[in-house]
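Working through the structure, step by step
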Amino acid sequence: MKIVVIGGTGLIGSKLVNKLREHGHEAVAAAPNTGVNTVTGEGLAEVLKGASVVVDVSNSPSWEDAAVLKFFETSTRNLLTYGAAAGVGHHVALSVVGTQLLAESGYFRAKIAQEKLIKESSIPYSIVHATQFFEFLKGLADISTDGNKVRLPPVFFQPMAADDVASAMGRIAVGPPVNGTVEIGGPEQFRMDELVRRRLALLKDPPEVIADPNARYAGAKIGDKTLVPGNNARLGETTFETWLAHSAGTGLAA
Ligand SMILES: NC(=O)c1ccc[n+]([C@@H]2O[C@H](COP(=O)([O-])OP(=O)(O)OC[C@H]3O[C@@H](n4cnc5c(N)ncnc54)[C@H](OP(=O)(O)O)[C@@H]3O)[C@@H](O)[C@H]2O)c1
């Protein structure tokens with residue numbers, strides 16, 4: 001089966017392409033540096049020829065409000081238009097647990113717009129809501145830095161390893177479209193400030209992490225359970241400690 005992975009050179013995309021190939025599928029990594037640009041439409045008609053499934057794990061290069069909205073709207077519109085023309089039978093997209101509750105954030109308004117376009121299109125689809133990736137914990141600290149302190153709300157969250165995200169995306173991509181949303185998450189719950197503090201402790205000179213109930217997540221005020229998946233979520237196996245042990249020596253202390 002030909003499966004085109006949009007953003008197939010990124011964190012999740014590159015792992016997903018490898019896993020699909022290991023299972024005997026013709027997985028094609030599509031990204032600007034492989035000649036496919038979903039914003040301009042360059043290379044899209046060619047790469048989608050003969051594809052059964054499109055998996056969109058791309059991300060916007062800029063998270064500025066207007067830029068990220070333009071990216072997800074233009075890219076998704078192009079993917080759905082070219083996909084329908086090519087006879088794609090399943091559009092799979094990666095989004096985030098709690099997205100619909102996070103409209104105060106420019107990034108999440110863009111994800112809401114992406115999901116709306118997919119739901120309104122004629123192509124059968126599966127939207128996957130994942131929790132935060134362990135690999136994103138440092139990025140989360142970076143976007144939550146105020147002066148020299150990291151301010152995070154002490155809410156529950158249930159992050160997961162990128163490897164488990166890619167495995168779940170692969171299983172969903174080769175299965176039937178659910179025409180709805182599937183939630184995936186990690187095996188353990190933490191308080192957000194607690195786990196980011198543990199992650200940053202690996203740095204040579206970690207900034208202080210403050211638990212601040214008024215701090216925002218990507219610009220949005222969130223509740224205790226906003227980022228926690230529901231009871232039907234499919235959970236990855238990799239614990240934070242296992243991920244840390246496997247990631248040792250891969251630049252975590254940078
Ligand atoms: N971070 C989290 O914790 C989290 C949690 C849940 C869901 N998600 C979702 O996961 C998705 C993927 O995240 P990620 O961290 O794996 O992303 P990433 O590593 O930043 O990769 C993004 C990919 O998108 C590609 N891309 C950028 N502009 C493109 C364009 N115009 N046309 C085609 N491809 C383009 C990039 O290609 P180049 O490298 O060539 O630019 C790259 O392959 C996002 O949609 C995000 O919302 C993230």
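Everything that follows concerns the structure shown earlier in this document.
The structure presented is a predicted model; accordingly, all values stated were derived computationally and were not measured. (Residues numbered from 1 in each chain as written. Predicted model: local features only at pLDDT ≥ 70, side-chain atom pairs only at ≥ 80, totals over all residues. Heavy atoms only, no water.)

Describing the site of the ligand
Contacts to the ligand come from 27 residues, most closely from Thr 9, Leu 11, Ser 58, Tyr 107 and Lys 111. Within the contact set of the ligand, an oxygen atom lies 2.8 Å away from a backbone nitrogen or oxygen of Leu 11. Within the backbone of Phe 133, an N or O atom sits 2.9 Å from an oxygen atom of the ligand. Considered on its own, the ligand offers 940 Å² of accessible surface; in the complex 82% of this is hidden by protein. Looking at the shell around the ligand, the elements with two or more residues in it are helix H1 (11–22), helix H3 (65–86), strand S4 (90–96) and helix H4 (106–120). (Near = heavy atom within 4 Å. Polar contact = N/O pair within 3.5 Å; in protein donor to acceptor, adjacent residues only side chain to side chain. Areas by Shrake-Rupley, 256 points an atom, 1.4 Å probe, with all protein chains shown as cover. Helix = DSSP H or I, 4+ residues; strand = E, 2+ residues; numbered from the N terminus.)

Topic: the sheet that holds strand S6 (residues 145–146)
Strand order in the open sheet formed by three strands is S6-S7-S11, with mixed pairing between adjacent strands. Of all the strands in the sheet, the pair left with one neighbour each is S6 and strand S11 (208–211). Where S6 lies against strand S7 (residues 149–152), two bridges are found, and the strand directions are antiparallel. Looking at the pairing, Thr 145 lines up with Val 150 of S7. Along the sheet, helix H7 (residues 192–200) contacts S7 and S11; its crossing angle with S11, the most-contacted strand, is approximately 175 degrees. (Pairing = 2+ DSSP bridges. Contact = heavy atoms within 4.5 Å. Axes fitted to C-alpha atoms, helices over the stretch in contact; angles between N-to-C directions.)

Notes on the pairing of strand S2 (residues 26–30)
Inspection of the sheet shows strand S1 (residues 2–6) paired to S2 by five bridges, in the parallel sense. Residue pairing for S2: Val 4 is matched across the bridge by Val 28. In this fold, S1 hands off to H1, which returns the chain to S2; that crossover is right-handed. (Right-handed = clockwise from strand over helix to strand, strands pointing away.)

Let's talk about the packing of aromatic side chains
Under the defined criterion, the tally for this structure stands at ten aromatic pairs. Consider the rings of Trp 63 and Phe 136, whose centres lie 6.2 Å apart with planes at 45 degrees: the pair is tilted. Taken together, the positions of Trp 63 in the loop between strand S3 (53–56) and H3 and Phe 136 in the loop between strand S5 (125–130) and helix H5 (137–143) put the pair 73 residues apart, joining distant regions of the chain. Three or more aromatic residues joined by ring pairs form one cluster here, namely Trp 63, Phe 71, Phe 72, Tyr 107, Phe 108, Phe 136 and Tyr 217. A cation over an aromatic ring shows up here: Arg 191 above the ring of Phe 156, its NZ or CZ 3.9 Å from the ring centre. (Phe/Tyr/Trp six-rings, centres within 6.5 Å; stacked < 30°, edge-to-face > 60°. Lys NZ or Arg CZ within 6 Å of the ring centre and 35° of its normal.)

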